[in-house]
Amino acid sequence: MMSATFSIPRRLTLQSIARELSLIVFTAGIVAGSPAIGQDTTPPPSPEDNIRFGYLVHQSIDFGGHIVNQSGSGAMYNTLVNIQSGPRILNSTIEMVAVNPAHGFLFDRLSSSSFGYGGDPYDATVMNLSKGRIYDFHGSFRRDRQYFDYDLLANPLIPPESQPFVPRLNSPHLYNTVRRMTDVNLTVAPLSVVRARFGYFQNINQGPTYTSYHIGNGLDGLMLQNWRVSTDVWNAGIDWKPLEGTTISFDEFITHYKGNTNLELSGLNYNLSSGTPVSLGVDVSSVWNAPCAAPFNPNGSVKPTCNSYLAYTRSAPTRTLLPSEQFRFQSTSLRNISMNGRVMYMGTTSHLDNYHENFNGLINGTREQVITASGSARRINVNADYGITWQVTPKLAFSDVFDFWYFRQPASFSYTQTNYAGTSLLNPPGAATTTTTTGPLPGYTAVNQKTKVNTFLAIWDLSRQARVTAGYRYSSRIITDAGGDFVPIHADTALFGLALTPMPELRINFNADVTSADNAFTRISPRKLQHYRMRTAYTPRPWLKLNGAINILTSSDNVQTVEHFAHSQDFSFGASIHPSEKWGIDLNYAYDSIYSRTNMCYNSSAPVDGGQPSPPVCQQSGLPYQSNGRYDQPTNSASIGFVFNPVKRLHATGGYRISSVDGTAPPINIRQVPGSLQSQYQTPYGGVAFDLAPNWTWKGDYNYYSYGEGAPAGPTLPRAFHANIVTLSVRYAF
């Protein structure tokens, strides 16, 4: 904890106040990052430059705030936008460059920038620091507020005919966490034959979330999930350049994961006749007999024989250590030959020493349940790859890349469960029955996977205007475990590429991959895959730039009971028109189509549209219905942006963005609504910046956000919203 006291002279100019404020902001955002090292081409300072202590200094600060007016769904607004009213430090920068690098004390060049401080959902600071050939330092700090409350997520959609009818108006899986990420990297002697690298990365994710927990027989409790996970990564490496064009590197990484997330019961919104608070869970419906056919007494109290929660807690502190070593090299020292390679070994250990779960309530004749457990797992991971390119002639080259990946992960556990009998919540738990299981973890004993991939390419320059690439990729993936499962998967892929420059103003690139495999590990793993990509760029005039792209990916697994087919198609176009410094227009349009179809079995209180009786293998698992699982998400996105600078001191921007989705999904619940699959999201905007005086700029920005859905909201709260956000600020640069 640091504090500082300072006094302000009575007679201060606006310039001196801004300088002091910028120094305070800069000090409060201490984090670091690394600039590129190269020859210093900084022009000599002019008499009006701000030179302090031998450094040419440039600073700026944008101070202002947001004014927000929002109507409609606050949950969806916070999910998609989450900007609130209040003052902000919208942006601040500082750059210091040594006038004479030979006289720089701690650094030759320093730069830092920050944004979002004061309450925005995203804020960050980045710093770059270097001292010639001595060191190069980079660091950053980022803070993200992750809020998600889409009320259809995990919503049971209670039937309206339930007695009583208690709909879930919000999602039982609300997510509201803060993620803090710190990243620092130091390179010592960056231009030397031998250089050293050190780094540290930390990611902390914490905050309240909600989830539901199914304990059986229609009893799904609402849980407060106190999220707390962190990851720390330390790394050190050394690079050696024994020859010109050759670099050999070694890296050591130490990763430590700590998971302290725990659960506790929420939603104790009913009472027994004794006055004891009780929870019936999130699926209260007489139609489903959940958690029982008639949960309430005539006086409104909960029947003591109905499945319900009195209390629930669960903790599973997990610790994982991931040390890994990596050896890399790259070389162009041999004439017409370039090579690179990498070998990595990782030995991971994970421990869960004290798992504890306690259920107090009633479920199927069990009055209380206590579970304690411990477990450990180890994962051995070996990765290696090698690539070589031979430039046979100035127009012909061959390339070959081999990749190898192997892992295995033995695991063991000890599990003790104690059930206390009982038939009424008004009586204490009865006789106890304890069972203990130890040994290897079923399904995870000595799981191992070995993957080998070899890619060969021939590159032929037909002329200065055309290049052709053709090749072949073979992959072998074998998955085995101690239970006798053996899943071999072999795939063959044809590769083709074409690059055309028919004129200096036009470039066209085309790539195609066609894959065929003899097996699949999951239902949506493809046995057939085709991937086509095309990109164009055309500049008919210096002020006019046109570009377009096509990306088509299709995959299928056409075997009995699966019949999987999917595609992802993207077609996009853009134009940039800037005939002068006074005005310009940017246009963009994209059409994306996401589609999949996979046979699926499910359970429902009544058949839904398209539902059919399921095959025997599904009937035996209690899943009476089957559908083709058709999912379709066609999306149109468009934007137009204007830049207008009528006079030197006035700068204006404006535009409009829209994303429209018209999709469908299999209705496995008769009350299911399309939700965001049929929605529009619009964000028109405008902004003005006016130079009030030298170094002073006034800014005003307006953003409008509108989200709506094309179908009824369903048995939840509406999700549509509108918001107007005005951002006002003053920028001082000095």
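See the structure above.
The following paragraphs examine the structure supplied in this document. In this text, all values refer to a predicted model and were calculated from it rather than measured experimentally.

Of the regular secondary structure elements, the protein chain holds three helices and 37 strands. By its C-alpha atoms, the protein chain is 90 × 75 × 50 Å across when sized along the principal axes. The burial tally for the protein chain puts 37% of its 734 residues in the buried class. For the protein chain, restricting intrachain contacts to residue pairs at least 6 apart in sequence, the fraction spanning at least 24 positions comes to 63%. In the structure as shown, the protein chain presents an accessible area of about 38,800 Å², 60% of it carried by carbon and sulfur atoms.

Further remarks concern the packing of aromatic side chains. The full count for this structure, using the stated rule, is 17 aromatic pairs. With 5.6 Å between their ring centres and 85° between their planes, Tyr77 and Phe721 make a pair best called edge-to-face. In this pair, Tyr77 is assigned in helix 2 (residues 74–80) and Phe721 in strand 37 (residues 721–733), connecting sequence segments 644 residues apart. Residue Tyr77 shares its accessibility class with Phe721, and that shared class is buried. Ring pairs connect the aromatic residues Tyr213, Tyr309, Tyr312 and Phe359, which therefore count as one cluster. The ring of Phe407 carries Arg379 above its face, with NZ or CZ at 3.9 Å from the centroid.

For the coordinates displayed, the defined rule picks out two disulfides. Each disulfide pairs two cysteine sulfurs, and for Cys292 the partner residue is Cys306, the sulfurs being separated by 2.1 Å. Sign of the S-S torsion, about -105° for the bond between Cys292 and Cys306, identifies this disulfide as left-handed. Here the residue Cys292 occupies a position in the loop between strand 13 (277–278) and strand 14 (308–315), and Cys306 occupies one in the loop between strand 13 and strand 14, the gap between them amounting to 14 residues. The burial state of Cys292 is the same as that of Cys306; both residues are buried. A sulfur-sulfur distance of 2.0 Å marks the disulfide that ties Cys601 to Cys618. Taking the sign of the torsion about the S-S bond as the criterion, the disulfide between Cys601 and Cys618, at about 60°, is right-handed.

This part takes up unusual backbone geometry. Of the consecutive residues Gln163 and Pro164, the connecting peptide bond is found in the cis state with omega at -5°. Position of Pro164 relative to the elements: it lies in the loop between strand 6 (135–148) and strand 7 (175–188). Following Ala290, the chain continues to Pro291 via a peptide bond in cis, the omega torsion being -5°. Turning to its location among the elements, Pro291 is positioned in the loop between strand 13 and strand 14.

Once that is clear, we can look at the nonpolar core. In a soluble, globular protein the nonpolar side chains are often hidden away together inside. Ranked by internal contacts, the top residues of the largest apolar core, which has 13 residues, are Tyr77, Val81, Tyr705, Phe721 and Ile725. Every element with two or more residues in this core is listed here: helix 2, strand 36 (696–709) and strand 37. In terms of residue count, strand 37 provides more of this core than any other element does, three residues in total. Core analysis: the next-biggest nonpolar cluster, separate from the first, contains eleven residues, Leu272, Val278, Cys292 and Leu310 among them.

Take the pattern of salt bridges next. Here the structure, examined in full by the defined rule, presents 18 salt bridges. Among the salt bridges present, the one from Arg143 reaches Asp123, with a minimum N-O distance of 3.5 Å. One end of the pair, Arg143, is in strand 6; the other, Asp123, is in strand 5 (residues 122–131), and 20 residues separate them in sequence. Measuring nitrogen to oxygen at the nearest pair gives 2.7 Å for the salt bridge that ties Asp239 to Arg195. You can see Asp239 sitting in strand 9 (residues 219–243) and its partner Arg195 sitting in strand 8 (residues 194–216), a full 44 residues away along the chain. Through salt bridges with shared partners, a single network forms among Arg195, Arg197, Asp239, Asp251 and Arg328.

What follows covers the sheet that holds strand 31 (residues 625–627). Reading across from one edge, 29-31-30 is the order of the three strands in this open sheet, with antiparallel pairing throughout. On the outer flanks of this sheet lie strand 29 (600–602) and strand 30 (612–613), each paired with one strand and no other.

Reading guide: rules and limits
- Residues numbered from 1 in each chain as written.
- Predicted model: local features only at pLDDT ≥ 70, side-chain atom pairs only at ≥ 80, totals over all residues.
- Heavy atoms only, no water.
- Helix = DSSP H or I, 4+ residues; strand = E, 2+ residues; numbered from the N terminus.
- Buried < 20%, exposed > 50% of the residue type's maximum accessible area, 1.4 Å probe, protein only.
- Contact = heavy atoms within 4.5 Å.
- Areas by Shrake-Rupley, 256 points an atom, 1.4 Å probe, with all protein chains shown as cover.
- Phe/Tyr/Trp six-rings, centres within 6.5 Å; stacked < 30°, edge-to-face > 60°.
- Lys NZ or Arg CZ within 6 Å of the ring centre and 35° of its normal.
- Disulfide = S-S within 2.5 Å.
- Core = buried A, V, L, I, M, F, W, Y, C linked by side-chain atoms within 4.5 Å.
- Salt bridge = Lys/Arg side-chain N within 4 Å of Asp/Glu carboxyl O.
- Pairing = 2+ DSSP bridges.

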